[in-house]
Amino acid sequence: MPHDDRAFFDAFDTALAGDASALSPWLAANSPPGLSVYRNTIASGAIDALVATYATVTMMTGEDWFRAAAREYARAHPPREPALLAYGDTFPAWLATFPPAADAPYLAGIALLDWQWWQSWSAADAELLDGVALSDLTPELLSELTLALHPSVRFATFDAGIPSLWLAHQAPTRGGDHIVSVEPEHMLFVRTGSQVESRTIVSAPFAFIAALSEGASLLEAGEAALAADPTCALDQIIVTGLALGLFTRLSPINRNSRHDH
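Residues numbered from 1 in each chain as written. Predicted model: local features only at pLDDT ≥ 70, side-chain atom pairs only at ≥ 80, totals over all residues. Heavy atoms only, no water.

K.L.:
Can you break down the overall build of the protein residue by residue, with the values?
P.N.:
Summing up its helical and strand segments, the protein has 10 helices and 5 strands in all. Within the span of the protein, comprising 261 residues, buried residues form 39% of the whole. For the protein, the proportion of contacts with a sequence separation of at least 24, taken over those separated by at least 6, is 65%. Approximately 14,600 Å² of the protein is accessible, and the part contributed by carbon and sulfur atoms is 57%. (Helix = DSSP H or I, 4+ residues; strand = E, 2+ residues; numbered from the N terminus. Buried < 20%, exposed > 50% of the residue type's maximum accessible area, 1.4 Å probe, protein only. Contact = heavy atoms within 4.5 Å. Areas by Shrake-Rupley, 256 points an atom, 1.4 Å probe, with all protein chains shown as cover.)

K.L.:
Would you mind going over the sheet that holds strand E2 (residues 154-158) in detail, with residue names and values included?
P.N.:
Pairing within the open sheet is antiparallel, and its 3 strands lie in the order E2-E3-E4. The two strands at the open ends of the sheet, each matched to only one other strand, are E2 and strand E4 (195-201). Along the sheet, successive strands turn relative to each other by an average axial angle of 15°, direction set aside. Alignment of E2 against strand E3 (residues 185-192), held across 5 bridges, turns out to be antiparallel. (Pairing = 2+ DSSP bridges. Axes fitted to C-alpha atoms, helices over the stretch in contact; angles between N-to-C directions.)

K.L.:
Which residues make up the pattern of salt bridges, and what values do they have?
P.N.:
The full count for this structure, using the stated rule, is 5 salt bridges. Across the pair Glu 72 and Arg 75 runs a salt bridge, and its minimum N-O distance is 2.6 Å. Placement of the pair is Glu 72 and Arg 75 together in helix H4 (residues 63-76), with a separation of 3 residues, close to one helical turn. By relative accessible area, Arg 75 is classed as exposed at 58%. The salt bridge involving Glu 197 is made with Arg 199; its shortest N-O contact spans 3.1 Å. A residue is classified by how much of its surface remains accessible, and Arg 199, at 30% relative accessible area, is partly exposed. A network of salt bridges, in which partner residues are shared, links Asp 48, Glu 63 and Arg 67. (Salt bridge = Lys/Arg side-chain N within 4 Å of Asp/Glu carboxyl O.)

K.L.:
Got a sec to walk through helix H6 (residues 107-122)? Specific residues and values, please.
P.N.:
Each α-helix winds once per 3.6 residues, and so residues spaced three or four apart point in a common direction. Helix length check: H6, at 16 residues, gives a terminal C-alpha distance of 22 Å against a target of 22 Å (1.5 Å per residue), a fit within 8%. Of all 16 residues that make up H6, 12 are buried, and the element is covered over most of its length. What H6 keeps buried is the set Leu 107, Ala 108, Gly 109, Ile 110, Ala 111, Leu 113, Asp 114, Trp 115, Gln 116, Trp 118, Gln 119 and Ser 120. (Expected span 1.5 Å × (residues − 1).)

K.L.:
Give a detailed account of the nonpolar core, specifying residues and quantitative values.
P.N.:
Within the largest apolar cluster, 34 residues are counted, with the highest numbers of intra-cluster contacts made by Tyr 54, Val 57, Phe 66, Phe 91, Leu 95 and Leu 113. Among the secondary structure elements, those contributing two or more residues to this core are helix H2 (35-53), H4, helix H5 (91-96), H6, E2, helix H7 (162-167) and E3. In terms of residues, this core owes the most to one element, H6, which gives 6 residues. With residues up to four places along the chain from it excluded, the contact list for Phe 91 reads Tyr 54, Phe 66, Tyr 73 and Ala 111. With 24 residues, the next largest nonpolar core counts Phe 208, Ala 210, Leu 212 and Leu 244 among its residues. (Core = buried A, V, L, I, M, F, W, Y, C linked by side-chain atoms within 4.5 Å.)

K.L.:
Report on the packing of helix H8 (residues 203-213) against helix H9 (residues 218-228), specifying residues and quantitative values.
P.N.:
At a closest axis distance of 7 Å, the pairing of H8 and H9 adopts a crossing angle of 150°. For the element pair H8 / H9, the angle class is roughly antiparallel. At the point where H8 passes H9, the crossing takes the right-handed sense. Along its contact with H8, which presents Ser 203, Ala 204, Ala 207, Phe 208, Ala 211 and Leu 212, the element H9 presents Leu 218, Ala 221, Gly 222, Ala 224, Ala 225 and Ala 228. (Parallel < 35°, antiparallel > 145°, perpendicular 65-115°, else oblique. Left-handed = near helix turned anticlockwise from the far one by under 90°.)

Here you go:
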C-alpha cells in the first residue's frame, strides 16, 4: 500500500518523540531499535545548541547542571526544524518554571538576555541610515515618517538589575567591577559588523526605540521618550542611535499594521 512522503515523515517525528507504533504501517516491528540512535543524536545536538545559545546561564550554573536542565527541556520541546540556529526560543520561560532553578529566579532573565544576544548576532545585515536623510525633516513629516530599526536590534526591560548582572559575566570585563543595580534596567543589543553591542540604556531612549519597534511615527516615538523623561534631549537620542547603527531607513508609517491607542 503506497504512502505519501509527508505522512511518513510526520509518523517518523512522532516515533522519535516516543511513539514507535506510529511507524507500524511502514515497518513490521513496532519498536525499531534504530530509533534510539536518532533520538540520541537529536537530543545531543539540541543540548549542544542550548549550551552555545545560553552561554551565560551555562557559566553561572556550571555545565553539568545546565546540560541536565537542557536534556529535560529537549525532551519536552524537541527540535522541529533541521537547523538549530533558532532552537530554544521558549527556554527562558521554561527555565522560570523549572523546579531545580527555583532558588535562582534571576536565571530566566539571564536566559532571555542570552537569547536576545544570540538573535542579534545571527540577524540579517542591512544598510545603515545616513544621518543626512534626517536633515531636511519638517515638523509636518514627523507624524508621517518612522525610523526602521536594524534587524539585529533587540531590547528588554527588567524590574531589577538583571542586565548589569548579565554584563558582569561577559568578556572582556568578566569578573570586573560591574555594579549590579537593584533598580529597574533596560537592555539594548545591536550588531555592528561581527560584534554585538550590549549595553544598558536609560528610560527615554528605551521608550523611543520601543515605540519605533511598534511602528510609531517619529512624533509618537518622541512623545514616548518625553513621557519617560521630560528632561531628555530628543536630538541626542537620535544622534546616539545613528552612531550605534540602530536605524536603516526613513519610511512612511503603516497605520494598517499597528494598533493606535
